[in-house]
Amino acid sequence: MPPFIGSQEHKELLCRFFIETHDPYKPSEMPWPKLDEAARARLASLPIWEEAVRTEADTALAVTVMGECEKDPLLAKAISLQGYEESRHAELLRLLTQKYGIPVPDFPATRPQDPDWAFMRIGYGECFDSFFAFGLFALARDSGFFPPELVTLFEPVMQEEGRHIIFHVNWVAFNQAKLGYTKRPSYVFRRGLAMWLQMVSRFKTALRVKGKNDRAQDNFTMSAHKSFGDISPREFVELCLSENERRLKPYDERLLRPAFVPTVAKAALKTLPKKPVAEAVAA
Ligand SMILES: [Fe+2]
Ligand SMILES: [Fe+2]
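The structure presented is a predicted model; accordingly, all values stated were derived computationally and were not measured. (Residues numbered from 1 in each chain as written. Chains lettered and ligands numbered in written order. Predicted model: local features only at pLDDT ≥ 70, side-chain atom pairs only at ≥ 80, totals over all residues.)

Points about the overall build of the chain
How we decide: Helix and strand definitions follow DSSP, with helices as H or I runs of at least four residues and strands as E runs of at least two, each counted in order from the N terminus. Note on burial: count the other C-beta atoms lying within 10 Å of the residue's C-beta; 20 or more is buried, 12 or fewer is exposed, in between is partly exposed, and C-beta positions come from the backbone. Here the contact rule is simple: place C-beta atoms from the backbone, and any two residues whose C-beta atoms are within 7 Å are in contact.
When helices and strands are counted, the chain shows 11 helices and zero strands. Here the chain, with 283 residues, has 27% of them falling under the buried criterion. Contacts in the chain between residues at least 24 apart in sequence constitute 87% of all its contacts with a sequence separation of at least 6.

Right, dumping it as structure tokens:
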């Protein structure tokens, strides 16, 4: 690690970057477009809403609690701002599902027992999710799956997740660098465990979403084929990589970027089929 990581300057840059790039939009004041029935049904067919609403509500509470527990005032300010941004994501999803008639049950958010551990796990989960979400969002935008007005509406959310994952990797590296050499191995273990548990939980979620929403999933897969056009798994991962780079580029170069998922994705590229997804699924 460069000596900058873990320094006072690192902490100040990390918090300043986060606070200064905050976008003060309000979900209720956003220009929600009127969708025709075909566009509304396409949106409703995405098999993600229940999981997305639950995740954002839990994340908002966990990050807010972490902001309240953090002793360092500057870090507390940045983390609390992140908590506010997450609660805005939850509100945005709530408004979207209400406005477009997508039924989602109410989820009481779960208060974390160990805020530091919850925050670390959330960060790794977001590193994993954002990488693929950036690619999917670009695909939905370029293929016309999402109406342009909805793309504009969700653009700040995507960019916000980019800021969150930069904050996460730097927060973890800063905390680790501050520890003495004797305490570092257990922190590294904690990091590895958090990362591993989040990956396992993502696979479980994918299975749960598939199991519960088989019909919705089928509808989505069919409409996605028509609207996303032919894209091979390799092209999709290439798109995720380029979108990931584009989204994270604007921020100060001294800040670390998430490396694990892009590195694994690059390594996997050569083995991924060149055949379009539609053909692979039909086969
Ligand atoms: Fe979020
Ligand atoms: Fe986030």
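Right, picking up where we left off after that structure.
Observations regarding the packing of helix α4 (residues 73-99) against helix α6 (residues 148-178)
Put simply, the rule is: Orientation is described by lines fitted to C-alpha atoms, with helices fitted over the stretch in contact, and by angles between N-to-C directions that extend from 0 to 180 degrees. Handedness of a crossing is defined here by the sense of rotation of the near helix relative to the far one, left-handed for an anticlockwise turn of less than a right angle and right-handed for a clockwise turn. Side-chain classes follow a simple rule in which Ala, Val, Leu, Ile, Met, Phe, Trp, Tyr, Cys and Pro form the nonpolar group, Asp, Glu, Lys and Arg form the charged group, and the remainder, Gly included, forms the polar group.
The interhelical angle for the contact between α4 and α6, taken along N-to-C directions, is 150°, at an axis separation of 11 Å. Where α4 crosses over α6, the two elements pack in a sense that is left-handed. Two secondary-structure elements touch here, α4 through A78, Q82, E85, H89 and L92 and α6 through V157, E160, H164 and F167. Residues that form the contact of α4 with α6 fall into these classes: four nonpolar, three polar and two charged.

Digging into the nonpolar core
Using the following cut-off: By definition, a nonpolar core groups buried Ala, Val, Leu, Ile, Met, Phe, Trp, Tyr and Cys residues that are joined through C-beta atoms within 7 Å.
In this structure, A62, V63, M66, A78, F119 and F167 are the most contacted members of the largest nonpolar core, which totals 41 residues. When residues of this core are traced back to their parent elements, those giving at least two are α1 (8-20), α3 (49-69), α4, α5 (115-143), α6, α7 (184-212) and α9 (233-248). When residues in this core are grouped by element, the largest group, 12 residues, is from α5. Residues in contact with F167, not counting those within four places in the same chain, are L14, F18, A78 and Q82.

Comments concerning the environment of E238
Secondary-structure assignment places E238 in helix α9. On the basis of neighbour counts, which here come to 17 C-beta atoms within 10 Å, the residue E238 falls in the partly exposed class. Each C-alpha atom of the pair E238 and K266 lies 8.2 Å from the other, and the pair is 28 residues apart in sequence.

Quick look at the packing of α1 against α6
The test is simple: For classification purposes, angles smaller than 35 degrees are called roughly parallel, those larger than 145 roughly antiparallel, those between 65 and 115 roughly perpendicular, and all remaining angles oblique.
Taken N-terminus to C-terminus, the directions of α1 and α6 make an angle of 165°; their axes are 10 Å apart at the nearest point. Judged by the angle between their axes, α1 and α6 are roughly antiparallel. The element α1 and its partner α6 pack so that their crossing is left-handed. Where α1 approaches α6, its residues H10, K11, L14 and F18 are matched on the opposing element by R163, F167, N170, W171 and F174. Looking at the contact of α1 with α6, its residues break down into five nonpolar, two polar and two charged.

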